[in-house]
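Now for the letters of each chain:
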Amino acid sequence: MPIKDLYDHSEKRNNLAHFAAIASLAAVDGEINPREQKVIDKFAVKLDITGEEIKEVMKKENKYPIEAPYESEQRLERLFDLFKIIFADAQIDEDEIRLIKKYALALGYSPEKAEKVIRKSIILFRGKFDFEDYKYMMERERN
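Residues numbered from 1 in each chain as written. Predicted model: local features only at pLDDT ≥ 70, side-chain atom pairs only at ≥ 80, totals over all residues. Heavy atoms only, no water.

1. Observations regarding the overall build of the chain
On a plain count of helices and strands, the chain comes out with seven helices and zero strands. The secondary structure elements of the chain, listed N-terminal to C-terminal, are α-α-α-α-α-α-α. For the chain, with 143 residues in total, the buried portion stands at 34%. Long-range pairs, those at least 24 residues apart, make up 70% of the contacts in the chain with a sequence separation of at least 6. A total accessible area of about 9600 Å² is found for the chain, and carbon and sulfur atoms account for 52% of it. (Helix = DSSP H or I, 4+ residues; strand = E, 2+ residues; numbered from the N terminus. Buried < 20%, exposed > 50% of the residue type's maximum accessible area, 1.4 Å probe, protein only. Contact = heavy atoms within 4.5 Å. Areas by Shrake-Rupley, 256 points an atom, 1.4 Å probe, with all protein chains shown as cover.)

2. As for the pattern of salt bridges
Following the criterion strictly, the structure yields six salt bridges and no others. The network of salt bridges with shared partners includes Lys42, Lys46, Asp93 and Glu96. (Salt bridge = Lys/Arg side-chain N within 4 Å of Asp/Glu carboxyl O.)

3. Some words on the nonpolar core
With 35 residues, the main nonpolar core has Phe19, Phe43, Leu79, Leu82 and Tyr103 as its most contacted residues. For this core, the secondary structure elements donating two or more residues are helix H1 (10-26), helix H2 (34-46), helix H3 (51-58), helix H4 (72-86), helix H5 (94-106) and helix H6 (111-126). It is H1 that provides the largest number of residues to this core, a total of eight residues. (Core = buried A, V, L, I, M, F, W, Y, C linked by side-chain atoms within 4.5 Å.)

4. Focus on the packing of aromatic side chains
One pass over the full model with this rule turns up four aromatic pairs. Considering the side-chain rings of phenylalanine 83 and phenylalanine 125, the 5.5 Å spacing of their centres and the 20° angle between planes classify their relative orientation as stacked. Remark: phenylalanine 125 occurs in helix H6 and phenylalanine 83 occurs in helix H4; sequence separation between them is 42 residues. For phenylalanine 83, a relative accessible area of 0% gives the class buried. Ring plane angle 20° and centroid distance 5.5 Å describe the contact between phenylalanine 87 and phenylalanine 125, whose orientation is recorded as stacked. Note that phenylalanine 87 is positioned in the loop between H4 and H5 and phenylalanine 125 in helix H6, a separation of 38 residues in sequence. Residue classification places phenylalanine 87 among the buried residues on the basis of a relative accessible area of 11%. The structure contains a cluster of three or more aromatic residues connected by ring pairs, namely Phe80, Phe83, Phe87 and Phe125. A cation sits over an aromatic face here: lysine 46 above phenylalanine 43, 5.9 Å from the ring centre. (Phe/Tyr/Trp six-rings, centres within 6.5 Å; stacked < 30°, edge-to-face > 60°. Lys NZ or Arg CZ within 6 Å of the ring centre and 35° of its normal.)

5. Digging into the environment of alanine 26
Along the chain, alanine 26 falls in helix H1. Residues alanine 26 and leucine 99, 73 residues apart in the sequence, show an inter-C-alpha distance of 7.1 Å. In this view, alanine 26 contacts Ile32, Glu36, Ile40 and Leu99; residues no more than four positions away in its chain are not counted.

6. Quick notes on a nonpolar patch on the surface
On the surface, Leu124, Phe129, Phe131, Tyr134, Tyr136, Met137 and Met138 cluster together into a nonpolar patch covering about 700 Å² of accessible area. Broken down by element, the residue count for the nonpolar patch peaks at five residues, all from helix H7 (residues 131-142). As for its position among the elements, tyrosine 136 is in helix H7. The class for tyrosine 136 is partly exposed, based on a relative accessible area of 49%. (Patch = residues over 30% accessible without salt bridge, like charges linked within 9 Å, V, L, I, M, F, W, Y side chains within 5 Å.)

7. Regarding H1
For H1, which comprises 17 residues, the first-to-last C-alpha distance of 24 Å matches the rise-based estimate of 24 Å (1.5 Å per residue) to within 8%. Most of H1 is tucked away, with twelve of its 17 residues classed as buried. Three or more residues of H1 are buried, namely Lys12, Asn15, Leu16, His18, Phe19, Ala20, Ala21, Ile22, Ala23, Ser24, Leu25 and Ala26. Among the structural elements, H2, H3, H4 and H5 are those in contact with the buried residues of H1. (Expected span 1.5 Å × (residues − 1).)

This is the structure:
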């Protein structure tokens, strides 16, 4: 049974599913190193994951696969949700970028497309975009 099925509240379910996917990605190469653990702990706080939930997710026998949606809009929405979580503290570090790259690949993005989407997302979430990007977004609103 997927861990998110244990919870009725949809926001809590989504947060726990995101956390489980992130933890699984961090552990994909075996043990979780201290830097990865720091990122996982940061996500746990941002996602309001309890200590008991962390223990359950982190059990070696638990592997939570990322369910890659077929629709590209749904994949983009999952990345968007993760970026909202990451930027809850208004910053992103290199460890978080590495983790989100793994996440994007697990969602089915090609390495090139993942790089492009992540780079653009960071620019938009930081609020540091140029006039051409602003103009493009505004023109999309008019159509």
